[in-house]
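Topology and contacts: notes
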Amino acid sequence: MRKANFIVSGTFTLFAIFIIAISLGYPPSNHGVPGPGMFPIIIASLIILSALTLFIYTLRIPKEMDTAIDLKSKNVVNVYITMGGLVLYFVLLPLVGFVVTTSIMLILYIKWFSKRPWWKTILISVLFTVAIFLLFGSVLNVPMRFGLLI
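Note that the structure is a prediction, hence the values are computed from the model and not measured.

Before going further, it helps to spend a moment on the overall build of the chain. Each helix and strand in the chain was counted, giving 5 helices and 0 strands. Ordered by position from N to C terminus, the α and β elements of the chain give α-α-α-α-α. Relative to the globule expectation of 15 Å for 150 residues, the C-alpha radius of gyration of the chain, 20 Å, shows a markedly less compact shape. Overall size of the chain, expressed as C-alpha extent along the three principal axes, is 55 × 50 × 20 Å. Among the 150 residues that make up the chain, the fraction classed as buried is 21%. Considering only contacts within the chain whose residues lie at least 6 apart along the sequence, 59% involve residues at least 24 apart. Accessible surface, the chain as shown: approximately 11000 Å² in total, 77% of it carbon and sulfur.

Structure follows, in structure tokens:
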């Protein structure tokens, strides 16, 4: 587990540094209003802080307490499925559209992880997606229309 923790810590630190480097290229703040790079920099800084915490925690684990990780257990396979689904979601999102892609992703995840009846799964997925769409599109005035469909 120590080796995996060090790899995760290093990977997330590099990822956060990459995000900070990109965010520094965004326009600066304007008349006291934070610029678009502020939020990603804050999140990336929190990721670095979390990675550093994991690194220090791992250093403090005694060698005899170190355990092996089963990379084929049911929980780990669920993580693989989730990550693969999110990658597919981000690829399809600009092509298909927010409402359709998000609804399908939520239906599949809810059905996979909770085993709820189909009607509840579809209802929850569609209501959540429409609520997010209306919140960002109408209340926050963030354009949400991209892709072939909505």
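Turning to the nonpolar core, a few remarks are in order. In terms of nonpolar packing, the biggest core is built from 9 residues, these being Tyr89, Leu93, Phe98, Val99, Met105, Leu106, Tyr109, Phe133 and Met144. Broken down by secondary-structure element, the contributors of at least two residues to this core are helix 3 (74–96) and helix 4 (98–114). A total of 5 residues in this core trace back to one element, the largest contributor, which is helix 4. Not counting residues within four places of it along the chain, the set of residues in contact with Tyr109 comprises Ile81, Thr82, Gly85, Leu86 and Ser114.

On to the layout of surface pockets, then. In this approach the atoms are scanned with a rolling probe the size of a water molecule, which exposes any empty space left behind. A volume near 320 Å³ is recorded for the largest pocket. Every residue along the wall of the largest pocket is listed here: Ala4, Val8, Phe12, Ile69, Leu71, Val76, Val79, Tyr80 and Met83. Listed by contribution, the elements that provide at least two residues to the lining of the largest pocket are helix 1 (2–23) and helix 3. Per-element accounting of the lining of the largest pocket gives the leading share, 4 residues, to helix 3.

In this section: the confidence of the model for the chain. Here the chain averages 88 in pLDDT, while 99% of its residues score no lower than 70. Element-level mean pLDDT values for the chain span from 89 in helix 3 up to 94 in helix 2 (residues 38–60).

The next point concerns unusual backbone geometry. Across residues other than glycine, the phi torsion is negative in most instances, and most of the peptide bonds are trans. The residue Lys115 is not glycine, and still its phi comes out positive at about 60°. Summarising the element assignment, Lys115 is placed in the loop between helix 4 and helix 5 (118–139).

When we look at a pair of aromatic rings, we describe it by the centre distance and by the angle of the planes. Applying the stated criterion across every chain, the model contains 5 aromatic pairs. Geometrically, the ring pair formed by Tyr89 and Phe90 is edge-to-face, given 5.4 Å between the ring centres and 65° between the ring planes. On the accessibility criterion, Phe90 (55% relative accessible area) is exposed. Positioned above the aromatic ring of Trp112 is the side chain of Lys115, whose terminal nitrogen or guanidinium carbon lies 5.4 Å from the ring centre.

Inspection of the secondary structure puts Leu52 in helix 2. The sequence separation of Leu52 and Val79 amounts to 27 residues, and the corresponding C-alpha distance is 22 Å.

Calculation criteria
- Residues numbered from 1 in each chain as written.
- Predicted model: local features only at pLDDT ≥ 70, side-chain atom pairs only at ≥ 80, totals over all residues.
- Heavy atoms only, no water.
- Helix = DSSP H or I, 4+ residues; strand = E, 2+ residues; numbered from the N terminus.
- Rg over C-alpha atoms; globule rule 2.2 N^0.38 Å.
- Buried < 20%, exposed > 50% of the residue type's maximum accessible area, 1.4 Å probe, protein only.
- Contact = heavy atoms within 4.5 Å.
- Areas by Shrake-Rupley, 256 points an atom, 1.4 Å probe, with all protein chains shown as cover.
- Core = buried A, V, L, I, M, F, W, Y, C linked by side-chain atoms within 4.5 Å.
- 1 Å grid on protein atoms, 1.4 Å probe; cavity = no way out; pocket = protein on both sides within 12 Å on 5 of 7 lines; lining within 4 Å.
- Points joined across faces, edges and corners; volume = space filled by probe spheres on them.
- pLDDT = per-residue confidence, 0-100.
- Phe/Tyr/Trp six-rings, centres within 6.5 Å; stacked < 30°, edge-to-face > 60°.
- Lys NZ or Arg CZ within 6 Å of the ring centre and 35° of its normal.

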